[in-house]
Amino acid sequence: DGGITQSPKYLFRKEGQNVTLSCEQNLNHDAMYWYRQDPGQGLRLIYYSQIVNDFQKGDIAEGYSVSREKKESFPLTVTSAQKNPTAFYLCASSIRTGAGEQYFGPGTRLTVT
Amino acid sequence: AQSVTQPDIHITVSEGASLELRCNYSYGATPYLFWYVQSPGQGLQLLLKYFSGDTLVQGIKGFEAEFKRSQSSFNLRKPSVHWSDAAEYFCAALPSGGSYIPTFGRGTSLIVHP
């Protein structure tokens, strides 16, 4: 079955540590996205990538970094510079930017204490 | 500025009642329009989409949406709600004709009473 996988489902870290969230897709999509979701705030775009080795900042990129070395993979690193990292993180993909619907992964809930 | 508005933060309905969730968009030209559903702790799932043509769009799980250009709206409807429809619903818009990123509304939380 084609789809998007995110791992792990739950992640716990101590303050001051960097943490990397995994996102993999086997849909052969060019575009991939990372969103942050907080209660009552909908989805906020962190980063997106239109193609391998290219990515763009979204609305709330500060304290986050990404890489896109393979078409299938778009990992997100939450750095210690992110002031409020505890949130639900969603990865998505689409055939390309500007075309069609997005397909979402199941999400990773990150808790930093 | 381009925006998507979902005026209702929460909607409460009784099981078996009809449902309408509102979505308004503000764009220069008609965008592509989408409705997604999110169960607690899960990712988003596409319910339906509108690109052009017939203004009444059928989706999965018995949902439909009607595009009204004059009102810049794309409201989601279901004739009879089931308890399993309790979830968060997101409307999204995507400008056509370029490498754009979708804009999401803030979501409407649907509560279903038995």
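Up top is the structure.
Residues numbered from 1 in each chain as written. Chains lettered and ligands numbered in written order. Predicted model: local features only at pLDDT ≥ 70, side-chain atom pairs only at ≥ 80, totals over all residues. Heavy atoms only, no water.

## What about the pairing of strand β5 (residues 32-38) of chain B?
Residue and element names in this part refer to chain B.
Moving on, step 1. Counting buried residues along β5, six of its seven residues qualify, which places the element largely inside the surrounding structure.
Moving on, step 2. The pairing of β5 with strand β10 (residues 87-94) spans seven bridges and is antiparallel. Each residue of the ladder has a partner; that of Tyr 36, found in β10, is Phe 90.
Moving on, step 3. Relative to strand β6 (residues 44-50), β5 runs antiparallel, the two being bridged by six bridges. Bridge assignment links Trp 35 to a residue of β6, and that residue is Leu 48.
Moving on, step 4. Linkage of β5 to β6, two consecutive antiparallel strands, is achieved through a turn of five residues, within which Gly 41 is found at a positive phi near 75 degrees. (Buried < 20%, exposed > 50% of the residue type's maximum accessible area, 1.4 Å probe, protein only. Helix = DSSP H or I, 4+ residues; strand = E, 2+ residues; numbered from the N terminus. Pairing = 2+ DSSP bridges.)

## A word on the sheet that holds strand β3 (residues 19-25) of chain A
Sheet strands pair via backbone hydrogen bonds, and the direction of the pair is either parallel or antiparallel.
All names here are of chain A.
Moving on, step 1. Across the sheet, four strands lie side by side as β1-β3-β8-β7; this open sheet has antiparallel pairing. Looking at the sheet topology across the chains shown, the edges are occupied by β1 (4-7) and β7 (64-66). The average undirected angle you get between the axes of adjacent strands in this sheet is 20 degrees.
Moving on, step 2. The sheet contact formed by β1 and β3 spans four bridges and is antiparallel. Bridging from a neighbouring strand, Ser 7 pairs with Ser 22 of β3. (Axes fitted to C-alpha atoms, helices over the stretch in contact; angles between N-to-C directions.)

## Observations regarding the interface of chain B and chain A
Moving on, step 1. Facing 20 residues of chain B, the contacting portion of chain A comprises 21 residues.
Moving on, step 2. Taking both sides of the interface into account, the surface hidden between chain B and chain A amounts to around 1,600 Å²; carbon and sulfur atoms contribute 58%.
Moving on, step 3. Among the residues of chain B in contact with chain A, Leu 44, Ile 101 and Phe 104 of chain B are the three that bury the most area, contributing 29% of the side total.
Moving on, step 4. Of the charged contacts in the structure, one is a salt bridge between Lys 49 of chain B and Glu 101 of chain A, with a shortest N-O distance of 3.0 Å.
Moving on, step 5. At the surface where chain B touches chain A, the tally comes to five residue pairs in polar contact (both at pLDDT 80 or more). (Contact = heavy atoms within 4.5 Å. Buried area = accessible area lost by both parts, 1.4 Å probe. Salt bridge = Lys/Arg side-chain N within 4 Å of Asp/Glu carboxyl O. Polar contact = N/O pair within 3.5 Å; in protein donor to acceptor, adjacent residues only side chain to side chain.)

## A short note on the state of the cysteines
Moving on, step 1. Counted by the stated rule, this structure contains two disulfides over all chains.
Moving on, step 2. What pairs with Cys 23 of chain A in a disulfide is Cys 91 of chain A, and their sulfur atoms sit 1.9 Å apart. In this structure, the disulfide formed by Cys 23 of chain A and Cys 91 of chain A twists by about -75 degrees around the S-S bond and is classed as left-handed. With Cys 23 of chain A in strand β3 and Cys 91 of chain A in strand β9 (residues 87-94), the pair connects residues that are 68 residues apart, well separated along the chain. Each member of the pair Cys 23 of chain A and Cys 91 of chain A is classed as buried.
Moving on, step 3. A sulfur-sulfur separation of 1.9 Å characterises the disulfide bridge that pairs Cys 23 of chain B with Cys 91 of chain B. Of note, the bridge from Cys 23 of chain B to Cys 91 of chain B carries an S-S torsion of about -65 degrees and is left-handed in sense. Of this pair, Cys 23 of chain B sits in the loop between β3 (19-21) and β4 (24-26) while Cys 91 of chain B is found in strand β10, placing the two residues 68 residues apart along the sequence.
Moving on, step 4. Classification of Cys 23 of chain B as buried rests on a relative accessible area of 0%. (Disulfide = S-S within 2.5 Å.)

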